[in-house]
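Here are the chains, one letter per residue:
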Amino acid sequence: RQKDIFQEARRCVRPAISYFLQKFNHQDSPLFGIVRLFKALRLFCPLRARKLQPGLNHVDELRLLPALDSDDTIQHLKNELPSLQAIGRTYLDVLHCNQQ
């Protein structure tokens with residue numbers, strides 16, 4: 001019985017997953033660039049940045065913002081990445097200590 005429920009749930013969810021992938025993850029989708037931009041902007045949130053463990057390639061995605069689309073700016077942000085990651089670790093450690 002449980003197996004049937006899972007199969008039915010998968011059958012119901014499959015169209016939604018297909019729609020999501022088509023709308024947000026396909027390069028020809030009008031929303032693809034917005035999703036990429038949203039993902040790139042998560043670097044500015046210390047909580048997200050810590051979970052993402054961003055690399056230098058993540059910083060390159062910030063070129064989607066016209067204001068950040070310069071080699072000097074991107075290089076500066078790449079140089080700042082270790083500091084951002086340290087701030088994220090410190091922020092979460094302080095937050096965790098304050099909740100105890």
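Residues numbered from 1 in each chain as written. Predicted model: local features only at pLDDT ≥ 70, side-chain atom pairs only at ≥ 80, totals over all residues. Heavy atoms only, no water.

Draft legend 1. Geometry of the overall build of the chain. A tally of helices and strands in the chain yields five helices and zero strands. Ordered by position from N to C terminus, the α and β elements of the chain give α-α-α-α-α. Taking 2.2 N^0.38 as the reference for a compact globule, 100 residues should give roughly 13 Å; the C-alpha atoms of the chain span a radius of gyration of 19 Å, well beyond that estimate. Each principal axis of the C-alpha atoms in the chain carries an extent, and together these give about 55 × 45 × 15 Å. When each of the 100 residues of the chain is scored for burial, the buried share is 14%. Across the chain, the fraction of contacts at a sequence separation of at least 24, relative to all contacts at a separation of at least 6, is 38%. Here the chain displays about 7,900 Å² of accessible surface, and carbon together with sulfur accounts for 57% of that area. Taking the average place of the 15 positive charges on the side chains of the chain and the average place of its 10 negative ones, the gap between the two points comes to 12 Å. (Helix = DSSP H or I, 4+ residues; strand = E, 2+ residues; numbered from the N terminus. Rg over C-alpha atoms; globule rule 2.2 N^0.38 Å. Buried < 20%, exposed > 50% of the residue type's maximum accessible area, 1.4 Å probe, protein only. Contact = heavy atoms within 4.5 Å. Areas by Shrake-Rupley, 256 points an atom, 1.4 Å probe, with all protein chains shown as cover. Lys, Arg positive; Asp, Glu negative; His and termini not counted. Charge placed at Lys NZ, Arg CZ, Asp CG, Glu CD.)

Draft legend 2. Main features of helix H2 (residues 32-41). Taken as a whole, H2 has its buried residues at Phe 32, Val 35 and Ala 40. Each buried residue of H2 lies within a common arc of 135 degrees when the element is viewed along its axis, so the set occupies one face. Away from its buried face by more than 90 degrees, H2 exposes Ile 34 and Phe 38. Against helix H1 (2-24) lie the buried residues of H2. (Arc of directions from axis to C-beta.)

Draft legend 3. Structural view of the side chain of Ser 29. As for its position among the elements, Ser 29 is in the loop between H1 and H2. In this structure Ser 29 comes out as buried when scored by relative accessible area, which is 10%. Among the polar contacts made by the side chain of Ser 29, one reaches the main-chain amide nitrogen of Leu 31 at a distance of 3.1 Å. Setting aside residues up to four positions removed in sequence, Ser 29 forms contacts with Gln 22, Lys 23 and Phe 24. (Polar contact = N/O pair within 3.5 Å; in protein donor to acceptor, adjacent residues only side chain to side chain.)

Draft legend 4. Spotlight on H1. Here H1 is 23 residues long and its end C-alpha atoms lie 32 Å apart, about the 33 Å a rise of 1.5 Å per residue gives. At Val 13, H1 shows its maximal kink, close to 35 degrees; a proline, Pro 15, follows between one and four residues later. (Expected span 1.5 Å × (residues − 1). Bend = angle between axes of the 7 residues up to and from the residue.)

Draft legend 5. How the structure looks around the pattern of salt bridges. Applying the stated criterion to the full structure yields five salt bridges. Note that Lys 78 and Asp 60 form a salt bridge whose closest N and O atoms lie 3.0 Å from each other. Residue Lys 78 is located in helix H5 (residues 71-99), and its partner Asp 60 is located in helix H4 (residues 56-60); the two are separated by 18 residues in the primary sequence. With a closest N to O distance of 2.7 Å, Arg 63 and Asp 71 form a salt bridge. (Salt bridge = Lys/Arg side-chain N within 4 Å of Asp/Glu carboxyl O.)

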